[in-house]
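The residues making up each chain are set out below.
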Amino acid sequence: MKLITAVVRPERVQQVKEALFQAGIKGLTLSRVSGHGGEQEVVERYRGTRVIVEFHDKVEFKMAVSEPFIELAIEAICRGARTGEVGDGKIFVTPLERVIRIRTGEEDNSALTPVAPKTLTPTR
Ligand SMILES: Nc1ncnc2c1ncn2[C@@H]1O[C@H](COP(=O)(O)OP(=O)(O)OP(=O)(O)O)[C@@H](O)[C@H]1O
Ligand SMILES: [Mg+2]
């Protein structure tokens, strides 16, 4: 199990959500955050220059996924969030020790919905 944290542009949230749902990811948490991604603005002043470290509005997705969903989730986030310009965001993948579904007491993979990627049903 992994915890996938992705920081993306607010204007790409809808595309990321759609891509994640298409990939079969069901449980996720979304937060508005402020982030700094290395870009600096240099302001000329009367005496010397000043560097402003700016924070931008970003949206953070967090999702706990079972092994079969790790690559699917990463691909979906990239597909939804990428514009090709600097500041598209970042994905962090961290090991996840334990997950508990409060209602049932189920743990780990059984507590993640779903546990396996949906198999594509052939269209007739
Ligand atoms: N090393 C980091 N640790 C924590 N958060 C980060 C890190 N790098 C980026 N972020 C978060 O991701 C947001 C977007 O970062 P950004 O897309 O600028 O990353 P980048 O690595 O500088 O890529 P790019 O070269 O495309 O700008 C930041 O505003 C910040 O919230
Ligand atoms: Mg950056």
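Reading the values: rules and limits
- In every chain, residue numbers begin from 1 and rise along the written sequence.
- Whichever chain is written first becomes A and whichever ligand is written first becomes 1, with later ones labelled in order.
- Local features in a predicted model are, by the rule used here, given only for residues with pLDDT of at least 70; side-chain atom pairs are given and counted only at 80 or more, and totals for whole chains, interfaces and linings are based on all residues.
- The basis for every side-chain value is the complete set of heavy atoms in the structure, and neither hydrogens nor water enter the calculation.
- Side-chain atoms within 4.5 Å are what join buried Ala, Val, Leu, Ile, Met, Phe, Trp, Tyr and Cys residues into a set we call a nonpolar core.
- Remark: exposure states derive from per-residue accessible area (1.4 Å probe, protein chains only) relative to the maximum for the residue type, with buried under 20%, exposed over 50%, and partly exposed in between.
- Only DSSP runs of H or I reaching four residues or more are called helices, and only runs of E reaching two or more are called strands; each is numbered from the N terminus.
- Every residue pair with non-hydrogen atoms within 4.5 Å of one another is taken to be in contact.
- Within this scheme a cavity is a closed region of a 1 Å grid, computed over the protein atoms alone, that accommodates a 1.4 Å probe without allowing it to escape, whereas a pocket is open but has protein on both sides within 12 Å along at least five of seven lines; lining residues each have an atom within 4 Å of a point.
- Grid points are joined across faces, edges and corners, and a volume is the space filled by probe spheres set on the points.
- We define proximity as follows: a residue is near a molecule or strand when any one of its heavy atoms falls within 4 Å of that partner.
- A 3.5 Å cut-off defines polar contacts: any pair of N or O atoms within that distance qualifies, except that in protein one atom must be a possible hydrogen donor and the other a possible acceptor, and neighbouring residues in sequence count only when both atoms are side-chain atoms.
- Using a 1.4 Å probe, accessible areas were evaluated by the Shrake-Rupley method; residue-level cover was limited to the displayed protein chains.
- Any carboxyl oxygen of Asp or Glu that lies within 4 Å of a side-chain nitrogen of Lys or Arg is treated as forming a salt bridge with it.

A. Region of interest: the nonpolar core. Grouped together as the largest cluster of nonpolar side chains are 19 residues, with contacts concentrated most on Val8, Leu20, Ile25, Phe61, Met63 and Ile77. Looking at this core, the elements that each hand over two or more residues are strand E1 (2–8), helix H1 (13–22), strand E5 (56–65) and helix H2 (70–81). Take this core: its biggest share by element is 5 residues, from H2. Setting aside its immediate chain neighbours within four residues, Ile25 contacts Leu20, Met63, Val65, Phe69 and Ala73.

B. Just the environment of Glu18, in detail. For Glu18, the location among the structural elements is in helix H1. As for Glu18 and Phe92, which are separated by 74 residues in sequence, their C-alpha atoms are 20 Å apart.

C. Region of the structure containing the layout of surface pockets. Of the volumes computed, that of the largest pocket is approximately 360 Å³. Considering the residues around the largest pocket, the lining is formed by 15 residues, among which His36, Gly37, Lys58, Gly87 and Gly89 are closest to the centre. Among the elements of the structure, E5 and strand E6 (89–95) are those that each provide at least two residues to the lining of the largest pocket. The biggest single contributor to the lining of the largest pocket is E6, with 3 residues.

D. Inspection of the site of ligand 1 at higher detail. The full set of residues close to ligand 1 is Val7, Gly35, His36, Gly37, Glu39, Lys58, Val86, Gly87, Asp88, Gly89, Lys90 and Phe92. At 2.8 Å, a backbone N or O of Gly87 approaches an oxygen atom of ligand 1. Between ligand 1 and Asp88, the relevant distance is 3.3 Å, taken from an oxygen atom to a main-chain nitrogen or oxygen of the residue. Contact with the protein chains removes 64% of the 610 Å² of surface that ligand 1 exposes when unbound.

E. Here's a closer look at the pattern of salt bridges. The final tally for this structure, using the stated rule, is 3 salt bridges. Its salt-bridge partner being Arg9, residue Asp88 comes within 2.9 Å of it at the nearest N-O pair. With a gap of 79 residues between them, Asp88 in the loop between H2 and E6 and Arg9 in the loop between E1 and H1 connect regions that are remote in the sequence. The pair formed by Asp88 and Arg9 is uniform in burial state, with each residue classed as buried. In this structure, Glu106 engages Arg101 in a salt bridge whose closest nitrogen and oxygen atoms are separated by 2.9 Å.

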